[in-house]
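# Structure at a glance
Here's the letter readout for the chains.
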Amino acid sequence: MKILVAVKRAIDYNVKARPKSDGTGVDLANVKMSMNPFDEIAVEEALRLQEAGKVTEVVAISIGPTACQETLRTAMAMGADRGILVQTDDEVQPLAVAKLLQALVAKEAPGLVILGKQAIDDDSNQTGQMLAGLLGWPQGTFAAKIDVGEGTVEVKREVDGGLQTVALKLPAIVTADLRLNEPRYVKLPNIMKAKKKQLDVVSPADLGVDITPRLKLVKVAEPPARAGGVKVADVQELVAKLRNEAKVI
Amino acid sequence: MEREAMEFDVVIVGGGPAGLATAIRLRQLAVQHDHELTVCLIEKGSEVGAHILSGAVMEPRALNELIPEWRTLGAPLHTSVTDDRFLFLTARRALRLPTPPPMHNEGNYIVSLGNVCRWLAQQAEAAGVEIYPGFAAAEVLYHADGRVKGVATGDMGRTKEGAEGPNFAPGMELHAKQTIFAEGCRGSLTKTLFERFDLRRDIDPQVFCLGVKELWEVRPEQHRLGRVIHTIGWPVDQATYGGSFLYHLENNLVSVGFVLGLGYENPYLSPFEEMQRFKTHPAMRETFAGARRVAYGARAISAGGFQSIPKLTFPGGLLVGDGAGFLNLPKIKGSHTAMKSGMTAAESVFKLLRAGEQAGTEAIDYLHRLKNTWLWDELYRVRNIKPAFRWGLWLAIAYGAIDTYLFRGKAPWTLRHKADHTSLKPAALCKPIDYPKPDGVLTFDKLSSVFLSNTNHEENQPCHLTLKDASVPTRLNLEVYAGPEQRYCPAGVYEFVEESGSKHLQINAQNCVHCKTCDIKDPSQNIHWVTPEGGGGPNYPNM
Amino acid sequence: MGALVIAEHNNTVLNIATLNAVAAASKLGTVDILVAGHQCQAVAAAAAQVTGVTKVLHADAPHYAHGLAENLAPLVVSLATNYQHLLAAATTNGKNVMPRIAALLDVAQLSDIIGVVSDDTFVRPIYAGNVVATVQSLDRIKAITVRTTGFDPVAATGGAGTIETVAAGPDLGLSQFKGEELTKSTRPELAAANRIVSGGRGIGSAENFAIIEKLADVLGAAVGASRAAVDAGYVPNDYQVGQTGKVVAPELYIAIGISGAIQHLAGMKDSKVIVAINKDEEAPIFQVADYGLVGDLFKEVPALIDALSK
């Protein structure tokens, strides 16, 4: 079985995003970019399945500008066998990403596609579900644990208030949550080896996908500062306020 | 422990201007002479530029020599200095003084040195240098006979207690015929080399300054593209060496910083607070009206100059850049000298390797070559300016004028330096300094500042700020010096915390911005800064 | 052309997050609710009572029992052409199913909205809440998930909606519910918790952290900690609020002995209601707290536990 893993180049999680002063977008000039952390977990999971002998090939896919090749090289340095870049300088929104991945699934015929549950830039949390919908495949989102069996995959999902287990028919889509695993460190010799691994570049047009945005960014701003509230005199007053005013207990 | 090893002709430690210039020059020479040469550069920051912090006004002299076509190659030197001011500040007033000659900036550029390094790294990779950011050189490796064999990168995935965690990945040995240390000011391996090869014998101790810097996006009406302002005087007293810089660069950005000599005496002094206070000066605060602070960071620089330059070579390796102390303090610039030292070292090393010298030879002609460059002359001429500041600001200025104009830097004497960690006076003899509270608009507290350095360290790893004796912080530092590490650290790493009646030192290693001040200023040199896991530390954008 | 809200429920009780989604939908036009489940008549009846609801669409079949997206999405798609807006609360269920619906309809989705500007333009946080984006949808149907803390819930009663049964779609047999472990006895996971009690350096020791855990248990809350408390070794580092993936936005966040360093604030400032208990009345945490109590935590927290246990 082959696994496709989608990896996004996103702002590094240590870097604080800041809106441009004209509100047209987020200032990313000379900002450190990395692989989206949830995608790193997705790659790690694919590699563990491969190391467990359940998977024959792990193919990493990224979509975006040339610089995304670095992200693919990172995935290959972790251990992915090869990479595919769908290269475009245009904005690609989740629906278009899902369509591009759908086209690549048709070409590569994987048994499983693993994605991060969301990217830490647009925080959409959509692509995996959309891809599953377009393919008519089952989906195991927010995965905390996955077990690949014969023709099925069992996914333990992080849901509100607990864990839910579902069994999915293969082929299937899985999206990785934080607790699925802890990604490995990339080793220096593997970075060198990754430079020689196969990396194919295609365009959205090659895949026959229209990536025209469906959402228009009107503006961005810093979130309004939170105003301080009131001081309460004692615990009784606090409990009363929480019950009657805030209604949260 | 078994570690994998890899062989290169040259390994360079550090991706700053010195290391990158060395790498580029080496590959240029290799191509020029059609000589096979593998060059590997490692950098502890998550990417090249992530740990670079500088003013910066850049003198393009070395760059012109290294990459003459830099303009067409898109080097990020966009803003020429067009207006150069030198001010003396009192608490309320600003007096314009004639700009001292070393500080003249005709032909220079206001830059983000981090972005210059990002660009240099692209040039280096294009020239065939292998660059690996995110890997810290944690250990110098030696041959049995004592020659330097290379370096080892740090282990990844050790727990707080030092045990191998679930994702443990051992470090890697990088062997080279020549290893070049370009770690920047107070490099942690360079420090061990000083001892091992006795490189600092018969020279002055190195002295240092700490630069605390902020980047602001100001309102267009407050912006004066190309303006450079330096100040001396307030808020520090005349006995303390310190001054500010304020540069207007592209995109309505203003780079503002305060540079303070670490030879200060009062343990109550806080370089961070001086920087905050500086911005409130009537002549300064207007610039920041309605502006937004976008980045923060700090870094120590070497200030000893000529008389503190150590022996530069040893079998199998050499030192370049500010780790060796090539910064020109009166000029307050070091990137051009760092690059020049790297280029010169590259020439020596290349000659050696081309002649087929075996691994571990000493590139002794590096020093001779350096002596014939403008770098040597430049540092020699200004050597007496900084040490004269021990007489106070006014005498130092007067002396500086005599030394510069009368002797043209060639006075028949050399003033000496005294190590910074010896200068603190006991707290009992000093007056606490009452710094104003931050207003959250123009002035800030340390933690909200550190937040803007984007620094982080994986939490579960051994603390990279090691103490030789764990009792010193309370027994000596707190008792005698009122805990100066709480104040000289610009990142809030050191805190004295009270727990059940007694105080102990809490080290918040995650906050560290790798400025190295603690390693320098601790009165008994009890703090030893070692490299944390590669990729940790600040992630400076545009600094 | 109104809005259709997908109800969140467990076949017996309507989840209150639905009321927040209805609140957002009410700003857009008439509101219908889809209750798809198994033997969930009670939920349909409750949904009809919700203020502002015109019509309840009730689909009942065993394969809707657990709200699995594979079967639910086609059902919603079959009803969607009558609506301009499809909404669900941004719970794990809503987040799971809505993008699948959007893809099947070939429309974009707006995730986690916290504000409605007009019928096609919405406000949503991006970059872990560090940036707020105003986004316009160019599609005819707008698929939306609603961040519950962004909208006050409508009243659960007072409405008079009609209930209409809709035919169930087929069981596609792609996925199968195997079981769930709900954290009733154990504490909820930090990242997904509705309520969080966090302790800071002020707690003083690892042993003292028991007091935080006790309060959390009384409230059914998750336990968090500030970086300072983690650094001081009181709790393991996965308790730390603000690190990767641990940006939290619960309904109720109680910060105890936490000064409110920016690193911590960045991790929890999107919480709906923030309570701070700290002896230092100048602590920055009070600048963001809705309710601040200045006092000794070792006195106030036990008192709070007592008051809440009654």
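Here goes a summary of the coordinates provided. (Residues numbered from 1 in each chain as written. Chains lettered and ligands numbered in written order. Predicted model: local features only at pLDDT ≥ 70, side-chain atom pairs only at ≥ 80, totals over all residues. Heavy atoms only, no water.)

A tally of helices and strands in chain C yields eight helices and 16 strands. For a compact globule of 310 residues, the expected C-alpha radius of gyration is about 19 Å, and chain C comes in at 21 Å, within 12% of that figure. For chain C, the spread of C-alpha atoms along the principal axes amounts to about 60 × 40 × 40 Å. Evaluated residue by residue, chain C yields a buried proportion of 60% over its 310 residues. For chain C, the proportion of contacts with a sequence separation of at least 24, taken over those separated by at least 6, is 65%. (Helix = DSSP H or I, 4+ residues; strand = E, 2+ residues; numbered from the N terminus. Rg over C-alpha atoms; globule rule 2.2 N^0.38 Å. Buried < 20%, exposed > 50% of the residue type's maximum accessible area, 1.4 Å probe, protein only. Contact = heavy atoms within 4.5 Å.)

A few words on the interface of chain C and chain B. Listed as interface residues are 15 residues of chain C and, on the opposing side, 16 residues of chain B. A buried area of about 1,300 Å², summed over both sides, lies between chain C and chain B, and 41% of it is on carbon and sulfur atoms. By the criterion of area lost to chain B, the three top residues of chain C are R201, R227 and D231 of chain C, representing 39% of everything that side buries. Counting every contact that joins chain C to chain B gives two salt bridges. Its salt-bridge partner being E495 of chain B, residue R201 of chain C comes within 3.2 Å of it at the nearest N-O pair. Between chain C and chain B we count six residue pairs in polar contact (both at pLDDT 80 or more) in total. (Buried area = accessible area lost by both parts, 1.4 Å probe. Salt bridge = Lys/Arg side-chain N within 4 Å of Asp/Glu carboxyl O. Polar contact = N/O pair within 3.5 Å; in protein donor to acceptor, adjacent residues only side chain to side chain.)

Moving on to the sheet that holds strand 2 (residues 31-37) of chain C. Strands in a sheet are paired, the pairing made by backbone hydrogen bonds, and the direction either parallel or antiparallel. Residues and elements named next belong to chain C. Across the sheet, seven strands lie side by side as 5-9-4-1-2-3-10; this open sheet has parallel pairing. Every interior strand has two partners, whereas the edge strands, strand 5 (109-113) and strand 10 (162-165), have only one. Strand-to-strand twist in this sheet, taken as the mean axis angle between neighbours without regard to direction, amounts to 25°. Here strand 2 runs beside strand 3 (residues 53-60); their pairing, made up of seven bridges, is parallel. Each residue of the ladder has a partner; that of D32, found in strand 3, is K55. Along the sheet, helix 4 (residues 92-105) makes contact with strand 1 (2-6), strand 4 (83-89), strand 5 and strand 9 (142-146), crossing strand 4 at roughly 155°. (Pairing = 2+ DSSP bridges. Axes fitted to C-alpha atoms, helices over the stretch in contact; angles between N-to-C directions.)

Below, the discussion takes up the pairing of strand 15 (residues 273-278) of chain C. All names here are of chain C. Most of strand 15 is tucked away, with six of its six residues classed as buried. Taking every second residue as pointing to the same face, both faces of strand 15 are buried, with V273, V275 and I277 on one and I274, A276 and N278 on the other. Across five bridges, strand 14 (residues 252-256) lies against strand 15 in parallel orientation. Bridged to L252 within strand 15 is V273. As for the winding sense of the linkage, the β-α-β connection from strand 14 through helix 7 (residues 262-268) to strand 15 is right-handed. Across four bridges, the pairing between strand 15 and strand 16 (residues 291-294) is parallel. In the sheet register, I277 faces strand 16, and the bridge partner there is L293. (Right-handed = clockwise from strand over helix to strand, strands pointing away.)

Turning next to the environment of I131 of chain B. Residue and element names in this part refer to chain B. Along the polypeptide, I131 turns up in strand 8 (residues 130-133). We classify I131 as buried; its relative accessible area is 7%. Between the C-alpha atom of I131 and that of E214, which follows or precedes it by 83 residues, the distance is 28 Å. Among residues more than four places away in sequence, those in contact with I131 are L20, L41, V48, A121, A124 and E125.

What follows is about the side chain of Q93 of chain A. All names here are of chain A. Relative to the elements of secondary structure, Q93 occurs in the loop between strand 5 (82-87) and helix 3 (94-108). A polar side-chain atom of Q93 sits 3.1 Å from a polar atom in the side chain of E91. Among residues more than four places away in sequence, those in contact with Q93 are P213, R214 and L215.

Pairing is antiparallel across the open sheet formed by four strands, whose spatial order is 12(A)-8(C)-7(C)-6(C). Since the sheet does not close on itself, it has two edges, and those belong to strand 12 (215-221) of chain A together with strand 6 (115-118) of chain C, each with one partner. Averaged over all neighbouring strand pairs, the angle between strand axes comes to 30°, with direction disregarded. As judged from the six bridges shared by strand 7 (residues 121-126) of chain C and strand 8 (residues 131-137) of chain C, these two strands associate in the antiparallel manner. Directly across from I126 of chain C, in strand 8 of chain C, lies its bridge partner V131 of chain C.

With that settled, consider the packing of helix 6 (residues 235-245) of chain A against helix 8 (residues 297-309) of chain C. The contact between helix 6 of chain A and helix 8 of chain C brings their axes to 9 Å, and the two run at 50°. Looking at the two axes, helix 6 of chain A sits oblique to helix 8 of chain C. Our pair here, helix 6 of chain A against helix 8 of chain C, has a crossing hand that is right-handed. The segment helix 6 of chain A lies against helix 8 of chain C, with V235, L238, V239 and R243 of chain A engaging E300, A303, L304, A307 and L308 of chain C. Classifying every residue of the contact of helix 6 of chain A with helix 8 of chain C by side-chain character gives seven nonpolar, no polar and two charged. (Parallel < 35°, antiparallel > 145°, perpendicular 65-115°, else oblique. Left-handed = near helix turned anticlockwise from the far one by under 90°. Nonpolar A, V, L, I, M, F, W, Y, C, P; charged D, E, K, R; others polar.)

This is a description of form; function is not addressed.
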